[in-house]
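An overview of the molecular structure
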Amino acid sequence: MLPSPPFSWVFFALLLFSPTVHSSRILAVFPTVSKSHFDFFQPLLLALASRGHDVTVVNSYPQPRPVRNYTDINLQDFKKVFFNNIPFDILPQVPTNFIENHRFLLSQIEGNELTFSHPDVRRLVNSDEKFDLIITELWNNDVFLGFAHKFKAPVIAMSSCSILPWGNARFGNPDNPSYIPQIFFRKYGKLDILHRIINTCQLAISQLLYKFVYNPISEKIARRGFGDSLPPLEELALNTSLLFVNTHHTLHGSRPLSPQVIQIGGIHVKKPKPLRKDLDRWMNESADGVVYFSFGSMLRGATLPEDKVRAFIDVFRTLPQRVLWKWEDDSVAGLPQNVKLMKWLPQRDVLAHPKVKVFISHGGLLGTTEAVVSGVPILGIPMYGDQPNNVAALVENKVAIHVDYNNISVASLSYALNTLINDKSYAENAKKLSERFLDRPQSPLDTAVYWTEYVIRHGGAPHLQSAAVHLTWYQYYLLDVIAVCLAALAATVATVVYIIKTSLRLMCAVKTTKLKSN
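Residues numbered from 1 in each chain as written. Predicted model: local features only at pLDDT ≥ 70, side-chain atom pairs only at ≥ 80, totals over all residues. Heavy atoms only, no water.

You'll find the chain entered in an unreviewed UniProt entry as UDP-glucuronosyltransferase, with Homalodisca liturata given as the organism. Here the chain is described in UniProt, under the heading Catalytic activity (unreviewed entry), as follows: "glucuronate acceptor + UDP-alpha-D-glucuronate = acceptor beta-D-glucuronoside + UDP + H(+)". According to UniProt, the comment filed for the chain under the heading Sequence similarities (unreviewed entry) is "Belongs to the UDP-glycosyltransferase family." (UniProt positions renumbered as here; feature names shortened; annotations may be inferred.)

Right, dumping it as structure tokens:
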């Protein structure tokens with residue numbers, strides 16, 4: 001038996017052959033008021049801190065306990081957050097339409113002014129600190145790209161949903177509306193002519209609104225925060241090194257992506273943990289399985305209108321399955337014995353439980369992704385934003401049934417639930433979709449970490465940028481080339497016509513001369 005090497009040599013060998021990670025200073029600016037948005041950003045930030053990078057995070061959802069290499073600048077006292085506190089009656093209509101979605105996005109821009117009033121943010125703006133990378137959200141404004149200019153650092157954007165209509169151009173990313181549904185569109189798959197017209201109009205209107213309405217407001221806020229020497233935000237946006245987007249082609253369909261756009265859908269999904277013993281026992285005791293019901297982390301489910309609550313309860317009473325319902329109040333009148341209410345649930349762990357047969361969801365992207373990973377069919381009731389788009393993608397994959405909020409009734413719910421439970425094709429399709437979604441060379445988190453450090457290593461990685469980024473719109477669509485070709489064609493046709501007319505005139509003149517001489 002060989003003698004064991006001394007510990008010092010073992011330690012030296014580990015240092016010698018382990019990959020070297022250079023510590024960088026990273027500033028992440030995520031002043032979002034939405035908990036679900038930050039849940040998408042947070043795993044990457046924590047992973048970077050665990051790898052030795054010094055991460056400073058401007059956010060409204062600070063860590064509950066100190067984390068090494070991770071510094072919070074807490075905005076909770078400066079901004080109202082959306083966490084289990086949005087009542088149903090605040091929504092102008094359900095589901096919100098294209099115009100209402102834009103009204104909501106527009107209303108949130110002014111709130112960024114409050115971020116600059118935080119003393120630690122002001123200190124950052126006026127400091128001479130050095131950062132190697134800025135990470136921020138691609139959402140309804142580009143206000144905080146000013147930090148990239150301030151610190152002369154490359155910037156990575158993160159989108160917690162599909163790419164917004166104004167997000168593609170800055171990466172030279174194709175967004176052809178003939179087959180790529182924009183985020184507020186409610187159809188997936190092959191689009192007929194009417195759908196293509198609507199999709200095209202919504203895409204064009206969204207891009208124009210961002211350029212002529214959203215961006216001027218953002219410019220004023222950014223200049224008040226960073227000073228009048230700040231370059232135009234549109235110019236700064238074109239220097240974005242990379243975009244991490246919360247999608248995956250197996251769920252949202254195939255589309256061309258530039259090298260700057262990296263899909264990391266599922267980055268927030270962790271390895272499931274065992275459930276609390278009493279909850280696990282309650283679920284396992286159900287011979288027919290469990291239906292899980294939650295409207296996510298922003299909507300307060302307990303504010304659901306009474307007539308719709310009664311419809312759910314009447315349907316649940318007829319099911320042989322047990323129902324686990326996220327409900328923020330203490331009780332519901334007339335609750336059947338097979339229904340269990342809980343104010344908060346570890347959703348990832350619940351959906352991973354083998355007894356769960358169906359997930360009743362509003363179509364939020366984090367929850368639906370967790371259901372996809374777990375191979376659970378979905379009854380989708382979308383409310384606002386990208387949720388109709390997400391549910392449409394699930395329906396296209398044959399793993400979900402869409403029930404319109406305004407059509408919630410005993411009949412519609414009973415049909416959808418019984419179909420999802422008893423038609424085995426939905427469970428089979430959900431398992432197949434899960435396998436496709438998870439079949440990747442790297443996990444979403446490892447992918448995000450790799451590309452983040454790649455951008456740092458290569459000074460912003462400008463070589464990834466497509467030449468399309470710097471083309472004007474008419475150059476991108478080859479309108480100038482088409483104009484030149486049409487002009488050349490017109491000149492050619494005119495020349496040919498002129499030659500023919502001239503030739504005919506000369507021939508006629510010659511013929512007339514001969515006749516006269518005869």
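Below, the discussion takes up the overall build of the chain. Within the chain, the secondary structure is distributed over 19 helices and 13 strands. Each principal axis of the C-alpha atoms in the chain carries an extent, and together these give about 120 × 65 × 65 Å. Per-residue burial for the chain yields a buried fraction of 51% across its 518 residues. Looking at the chain alone, contacts between residues at least 24 apart form 66% of all its contacts between residues at least 6 apart. Here the chain displays about 25500 Å² of accessible surface, and carbon together with sulfur accounts for 60% of that area. Charge-centre separation for the chain: the mean point of 52 positive side chains lies 6 Å from the mean point of 42 negative side chains. (Helix = DSSP H or I, 4+ residues; strand = E, 2+ residues; numbered from the N terminus. Buried < 20%, exposed > 50% of the residue type's maximum accessible area, 1.4 Å probe, protein only. Contact = heavy atoms within 4.5 Å. Areas by Shrake-Rupley, 256 points an atom, 1.4 Å probe, with all protein chains shown as cover. Lys, Arg positive; Asp, Glu negative; His and termini not counted. Charge placed at Lys NZ, Arg CZ, Asp CG, Glu CD.)

To continue, consider the sheet that holds strand β6 (residues 242-245). On the basis of which strands lie adjacent, the open sheet formed by seven strands has the order β3-β2-β1-β4-β5-β6-β7 and parallel pairing. Every interior strand has two partners, whereas the edge strands, β3 (70-74) and β7 (261-263), have only one. Ignoring which end each strand starts from, the neighbouring axes of this sheet average 20° apart. The pairing of β6 with β7 spans three bridges and is classified as parallel. Looking at the pairing, Val245 lines up with Gln263 of β7. The sheet strands contacting helix α5 (residues 119-126) are β1 (25-30), β2 (54-59) and β3, and the helix crosses β3 at an angle near 115°. Along the sheet, helix α17 (residues 444-457) contacts β1, β4 (133-137), β5 (155-159), β6 and β7; its crossing angle with β6, the most-contacted strand, is approximately 170°. (Pairing = 2+ DSSP bridges. Axes fitted to C-alpha atoms, helices over the stretch in contact; angles between N-to-C directions.)

Taken as a whole, this structure holds 29 aromatic pairs when the rule is applied. Taken together, a centroid distance of 6.4 Å and an interplanar angle of 70° make the contact between Phe98 and Phe184 edge-to-face. Of this pair, Phe98 sits in helix α3 (residues 98-107) while Phe184 sits in the loop between β5 and α7 (193-226), placing them 86 residues apart in sequence. Under the relative-accessibility criterion, Phe98 is labelled buried at 11%. Residue Phe184 is classed as buried on the basis of its relative accessible area of 9%. (Phe/Tyr/Trp six-rings, centres within 6.5 Å; stacked < 30°, edge-to-face > 60°.)

Buried accessible area, meaning the area lost when the parts come together, often serves as the stated size of an interface. Under the domain assignment, the chain is made up of domain 1 (25-269 + 442-470), domain 2 (277-438) and domain 3 (472-496). Facing the four residues of domain 1 at the interface are four residues of domain 3. Summing the contributions of domain 1 and of domain 3, the shared interface buries around 220 Å²; its carbon and sulfur component is 42%. Taken together, the connections running from domain 1 to domain 3 amount to zero salt bridges. Residue composition of the side of domain 1 that touches domain 3, by class: two nonpolar, one polar and one charged. (Domains from an automatic or database assignment. Buried area = accessible area lost by both parts, 1.4 Å probe. Salt bridge = Lys/Arg side-chain N within 4 Å of Asp/Glu carboxyl O. Nonpolar A, V, L, I, M, F, W, Y, C, P; charged D, E, K, R; others polar.)

Membership of the largest hydrophobic core comes to 39 residues, with the highest contact counts inside it found for Phe312, Phe316 and Ile381. Elements represented by at least two residues in this core include exactly β8 (290-293), α11 (306-318), β9 (322-326), β11 (356-361) and α15 (410-422). In terms of residues, this core owes the most to one element, α11, which gives six residues. Discounting chain neighbours no more than four positions away, the residues touching Phe316 are Phe293, Val323, Trp325, Pro336, Asn338, Val339, Ile360 and Leu417. Judged by nonpolar contacts, the second largest core, of 37 residues, contains Leu75, Val155, Cys161 and Phe226. (Core = buried A, V, L, I, M, F, W, Y, C linked by side-chain atoms within 4.5 Å.)

This paragraph deals with helix α16 (residues 424-438). When the terminal C-alpha atoms of α16 are compared, their 22 Å separation across 15 residues agrees well with the 21 Å that a helix rising 1.5 Å per residue should span. All buried positions along α16 are accounted for by Tyr426, Ala430, Leu433, Ser434 and Phe437. Projection of α16 onto a plane perpendicular to its axis shows the buried side chains occupying an angular sector of 105°, all on one side. When the buried face of α16 is taken as reference, the exposed residues oriented beyond 90 degrees from it are Lys424 and Glu435. Among the structural elements, α9 (249-252), α13 (365-374), β13 (400-402) and α15 are those in contact with the buried residues of α16. (Expected span 1.5 Å × (residues − 1). Arc of directions from axis to C-beta.)

The next thing to look at is the pattern of salt bridges. All told, the structure shown has 17 salt bridges when counted by the stated rule. Salt-bridge contacts for Asp39 lead to Lys35; the nearest nitrogen and oxygen are separated by 2.8 Å. Highlighted residues: Asp39 and Lys35, both in helix α2 (residues 35-50), separated by four residues, approximately one helical turn. Accessibility expressed as a relative area gives 21% for Asp39, which makes it partly exposed.

A separate point is the pairing of β6. Looking down a regular strand, the side chains alternate between one sheet face and the other. Side-chain alternation along β6 places Leu242 and Phe244 on one buried face and Leu243 and Val245 on a second face that is also buried. Sheet analysis places β5 next to β6, joined by four bridges and oriented parallel. Within the sheet, the bridge partner assigned to Ser159 lies in β6 and is Val245.

Glancing now at the packing of α2 against α17. With their axes 10 Å apart at the nearest point, α2 and α17 run at an angle of 60° to one another. Between α2 and α17, the crossing angle belongs to the class labelled oblique. For the pair α2 and α17, the sense of crossing is right-handed. In contact with Pro43, Leu44, Ala47 and Leu48 of α2, α17 contributes Leu445, Ala448, Val449 and Thr452. Taken together, the residues that form the contact of α2 with α17 break down as seven nonpolar, one polar and no charged. (Parallel < 35°, antiparallel > 145°, perpendicular 65-115°, else oblique. Left-handed = near helix turned anticlockwise from the far one by under 90°.)

Among the secondary structure elements, Ser218 is positioned in helix α7. Sequence-distant contacts of Ser218, defined by excluding residues within four places in its chain, comprise Ile109, Asn140, Asn141, Asp142, Val143 and Leu233.

Right, let's get into the sheet that holds β13. One open sheet accounts for six strands, arranged β10-β9-β8-β11-β12-β13; its pairing is parallel. Edge strands, defined here as strands with exactly one partner in the open sheet, are β10 (339-342) and β13. Neighbour-to-neighbour, the strand axes of the sheet open up by a mean angle of 15°, direction not taken into account. As paired strands, strand β12 (residues 378-380) and β13 are joined by three bridges and run parallel to one another. Bridging from a neighbouring strand, Gly380 pairs with His402 of β13. Contacting β8, β9, β10 and β11, α11 crosses the sheet at an angle of about 155° to β9. This element, helix α14 (residues 387-396), spans β12 and β13 of the sheet and lies at about 130° to β13.

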